[in-house]
Structures are given as structure tokens and as C-alpha cells.
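Structural overview
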Amino acid sequence: MVVRGTIPGFDQGVDVTLRWVVVAFRLLAWVWALALISVVIIEGRPGSRPTLAATAIVATVWAGLTVWASRSSDRLSAPWFAISDGVVVFALGAAGWIAGTEDFVSGGYPGSWLFVVAYAANLRWTTLAAVGLTLEHIVIHDLMNLGMTRTVGTFQFIVFGLIAGWAYEALRLHEQRRQDAESRLEEERRQAARLEQGARLGQLLHDSVLQTMQAIRAGADDPKQVRYLARWQERELRRTIEELRSPHERSFRAELLAVRDRIEDLYRSTRIAEVIRDDAELTPALEVGLSAAREALTNAAKHAGVDRVDLYAEVSDGSAVIHVRDRGHGFDPAERPTGHGWTMSVEGPIGAVGGSVTVDSTPGEGTEVTIRVPVV
């Protein structure tokens, strides 16, 4: 047995369609009832008109309440609404007899209640509701002295209830199975990702860490080489960790670390101390920023005359800011010749993506390059 409301996230799937079906049948029943009531008022006895008018008002108000309730699955499926709807439907079913006419004026209202019950409960309760409607109409037929043919026709409610209850329950069961299949598939994907990550880490430890340790052991008599290998392995591990932590397919942070690593490999006497805050998906504009950072780090390693360069980067407010700072020789920016390679290789591309670059340098105190590029 499948009861409405037991499927997580159901409101975003089949449930919306089922609610629309309830509303559609209720509005059709309302139009049908108003048409019947209008005909009976025109052709019937004057004394029945107040009762029939009240019936039309009740049908209209309750149709509006059904539309209101359908805006939330919790309201439309609430027991109080289904019970109240049943009371109104039973009253409308008896409206013709109460008004003293010889006609039923409830139209399709009884049938539309079965869809409300099917939505709020399940096939069993929908069938019981259909049996209740059938018994009510049999009694009213007898009170109104209607023929056996019309009385037998009231069993249509049972057929209608079985169809509505079965259809709603079958659709929910199908939706539940679909969601279960998606959950299993998602779990399999997560498991595959964990296995892939484990395999990647194992490969890293085998191909990188173990080999580096062997190289360190083999060159233990060369302190500079040992320090370089240890530093190289530290960088490799940190970059790999950043890639694994990043939610982005191409991580700006990881790529900036890779730039830092390549410069340190080229200029082994220079150590680049980095602080990188936040991350972003690598975009063409950020790639231009990385190229500019590579140029700034290269210049610092080649010309600053110091063994340490500071690298700071931050992603915020839709832009990335990269600072490259050294405390080396410095220079006078005013003496930089026009058409310098820096202008062509850095300032031009940075400006083309809507970014900016500034160079602050003082002879004897060092140089700071600030690169700002949009994230998108």
C-alpha cells in the first residue's frame, strides 16, 4: 500500500500533476452542477429556488476552497479537508431531494470527491468512499421514487472509485520506484567516485611520494638536493589535496599553485610563499590572470635578488585579485621604457578581459604587482 506523502521530494514530481487532476475534475463538476441548478431553477417550482440558489453558492465556495487547498500538498491531503469535502458532497447529492425537485443537481461533484480521497489516502479508502456515495444515492433514489434503472446506475461510483484509487496508487508506486532507482544510481556514482579517488591517491603515493623518498635516500649526502626534493613533494601533495577538495572541475586555486611550482622548479634558489583564499571555476579571464601572475613571479625570481617571494590571491565579489610581492632590488617605474615586454604580454591581455594590473616599486625596497581580473 502506498500512501500519499511518504515519498521524499514527491511535491516536485508526479504530485503536482495529481493535484491538477483533482482541481480539473472539481471545476468540471462545479460547472456541471451550476448548469443543472440553473435549468431546474428555470423549469422548477418557485419554492425550490432559495434552496437551489444556496446549493449553487455552496458548490461555488467549495470549488474555490479546493483550488486554494490544491496549492499545497499538505492541505489537499489533510484528513480534515477530505472529510469536509465528503460532507459537502453528500449534502450536494441530497440537494435535489431537499429542494423538493425530482432531479439530481450535484452534477459530477460526487465523482470529483473520489479524486480528493484518492489523493489524500489510497485505493482502499477511495473504494469505501465510492461505496458510501452509492448507498447515499440508492437511498435518495428510493425517497424520490426513481426507477430501478437509475438506481442501478449509482454503482458507477464504485467503478469510478476503483479506477481513480488504482490510478493514483499506481502512479505513486511508479514514482517511488523511479526515485529509489535514482537513489541507488546516485549511491553507485558516489561509490565509484570514492573508488576512483582511492585509486588516484594510491597511484599518487606510489608514483610520487614513494619515488621521492627513494630519491631522497639515494641523495642523502647532498643537503640541497634533499631540501629541493622534500619541497617539491610538499608542493605536489598540497596541489593534489587542493584539487580533491575543490568542487570545481578546473580549480583556479590548484592552477595557481601549479604556476607557483613551475617557477620554483625553474629558479630553485627562490621560494614562493603563498596564501590563496577561496576558489573558483577556471575561466578564460582567470587564465589570463594566471599568465600575468606567472610573468610577475618569473620577474621577481630573476631580477629581485632575494630568495623569497610572497604570493597572495583572493576570490571575492566577482573578481580575483593576485598580489606578487618581493623585497628585492626594486626599480623606478617611470624609467620603464615604452613598449616594454611587460606591457605587451601582461597589461594588454589583462585589459582585454576587463581587468587591471598595477606595479608599485621602489628602488631598494622591492616590487609589488597587483592583478585583478573578473571571475567570469
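1. Quick word on the environment of T270
In this fold, T270 is placed in the loop between α11 (252–266) and β1 (271–277). Classification of T270 by relative accessible area gives buried; the value is 5%. Separated by 32 residues in the primary sequence, T270 and K302 place their C-alpha atoms 9.0 Å from one another. What T270 contacts, discounting residues up to four positions off in sequence, is E264, A301, V306, D307 and V309.

2. Side note on the nonpolar core
The biggest cluster of nonpolar side chains holds 33 residues, and the ones touching the most others in it are F252, L256, L286, L297, V369 and I371. Secondary-structure elements contributing two or more residues to this core are α11, β1, α12 (284–303), β2 (308–316), β3 (319–326), α13 (341–352), β4 (356–362) and β5 (366–374). A per-element tally of this core places α12 first, with eight residues. Among residues more than four places away in sequence, those in contact with F252 are D279, A280, L282, L286, L290, V315, A320 and I322.

3. A look at the pattern of salt bridges
Inspection of every chain in the model, using the stated rule, returns 12 salt bridges. Residue E182 is joined to R178 by a salt bridge in which the shortest nitrogen-to-oxygen separation is 2.5 Å. You can see E182 and its partner R178 sitting in helix α9 (residues 156–218), four residues apart, about one turn around the helix. One continuous salt-bridge network, built from bridges that share partners, spans E186, E187, R189 and R190.

Procedures and definitions
- Residues numbered from 1 in each chain as written.
- Predicted model: local features only at pLDDT ≥ 70, side-chain atom pairs only at ≥ 80, totals over all residues.
- Heavy atoms only, no water.
- Helix = DSSP H or I, 4+ residues; strand = E, 2+ residues; numbered from the N terminus.
- Buried < 20%, exposed > 50% of the residue type's maximum accessible area, 1.4 Å probe, protein only.
- Contact = heavy atoms within 4.5 Å.
- Core = buried A, V, L, I, M, F, W, Y, C linked by side-chain atoms within 4.5 Å.
- Salt bridge = Lys/Arg side-chain N within 4 Å of Asp/Glu carboxyl O.

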